[in-house]
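One letter stands for each residue in the lines below.
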Amino acid sequence: MIELEQITLENGVTYAVAKEIDNYVYLVNPQNELDFCIRKNVARDGNEYLESLDNEEEFQRALLILKESEKE
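Residues numbered from 1 in each chain as written. Predicted model: local features only at pLDDT ≥ 70, side-chain atom pairs only at ≥ 80, totals over all residues. Heavy atoms only, no water.

S.K.: How would you sum up unusual backbone geometry? Please name residues and give values.
M.R.: The phi dihedral of Asp 22 falls on the positive side, at around 55°, and the residue is not glycine. Located in the positive-phi region is Asp 45, a residue other than glycine, with phi close to 55°. Here Asp 45 is to be found in the loop between β4 (32–44) and β5 (47–52). Overall, the relative accessible area of 67% leaves Asp 45 in the exposed class. (Helix = DSSP H or I, 4+ residues; strand = E, 2+ residues; numbered from the N terminus. Buried < 20%, exposed > 50% of the residue type's maximum accessible area, 1.4 Å probe, protein only.)

Below is the structure:
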């Protein structure tokens, strides 16, 4: 079994990193595969942070990037 990097978000739920594309990080809950989220990796003050997406438009763009990556 492949071990995936895990991250606990602000809601207390631990997610596995399913994929990283550009600055987007696609996360899935190992306990419930229907529970997924997308965060963006932001560099600030010499550190990297996972932040929520800005709006629905950015969410749709991130989904499209994921979909396009699956075609490759």
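S.K.: With reference to specific residues and values, describe the pattern of salt bridges.
M.R.: Evaluation of the coordinates by the stated rule reveals seven salt bridges. Residue Lys 71 is joined to Glu 68 by a salt bridge in which the shortest nitrogen-to-oxygen separation is 3.4 Å. You can see Lys 71 and its partner Glu 68 sitting in helix α1 (residues 56–71), three residues apart, about one turn around the helix. One connected set of salt bridges, linked through shared partners, spans Lys 40, Asp 54 and Glu 58. (Salt bridge = Lys/Arg side-chain N within 4 Å of Asp/Glu carboxyl O.)

S.K.: So what's going on with α1? Which residues, and what values?
M.R.: Here α1 spans 23 Å end to end across 16 residues, near enough to the 22 Å set by a 1.5 Å rise per residue. All of the buried residues in α1 are Glu 58, Ala 62 and Ser 69. One face of α1 carries all of its buried residues, which in axial projection span an arc of 40°. Seen from the open side of α1, the exposed residues pointing more than 90 degrees away from its buried face are Glu 56, Glu 57, Lys 67, Glu 70 and Lys 71. Tucked inside the fold, the buried residues of α1 contact β2 (14–21), β3 (24–29) and β4. (Expected span 1.5 Å × (residues − 1). Arc of directions from axis to C-beta. Contact = heavy atoms within 4.5 Å.)

S.K.: Hey, could you go over the environment of Glu 58 for me, with residue numbers and the actual values?
M.R.: Tracing the sequence through the fold places Glu 58 in helix α1. Relative accessible area serves as the criterion here: at 6%, Glu 58 is assigned to the buried category. Distance in space between the C-alpha atoms of Glu 58 and Lys 40 is 9.9 Å, their sequence separation being 18 residues. Here Glu 58 is in contact with Tyr 24, Lys 40 and Leu 53, once residues within four sequence places are set aside.

S.K.: Account for the nonpolar core, with residues named and values stated.
M.R.: Judged by nonpolar contacts, Ile 7, Leu 9, Tyr 15, Val 17, Val 25, Leu 27 and Cys 37 together constitute the single largest core of seven residues. Excluding its chain neighbours within four sequence positions, the residues that come into contact with Val 17 are Leu 4, Glu 5, Ile 7, Val 25, Tyr 26 and Leu 27. Ile 21, Tyr 24, Ile 38 and Leu 53 belong to the second largest nonpolar core, which has six residues in total. (Core = buried A, V, L, I, M, F, W, Y, C linked by side-chain atoms within 4.5 Å.)

Such coordinate-based values are descriptive only and should not be taken to indicate function.
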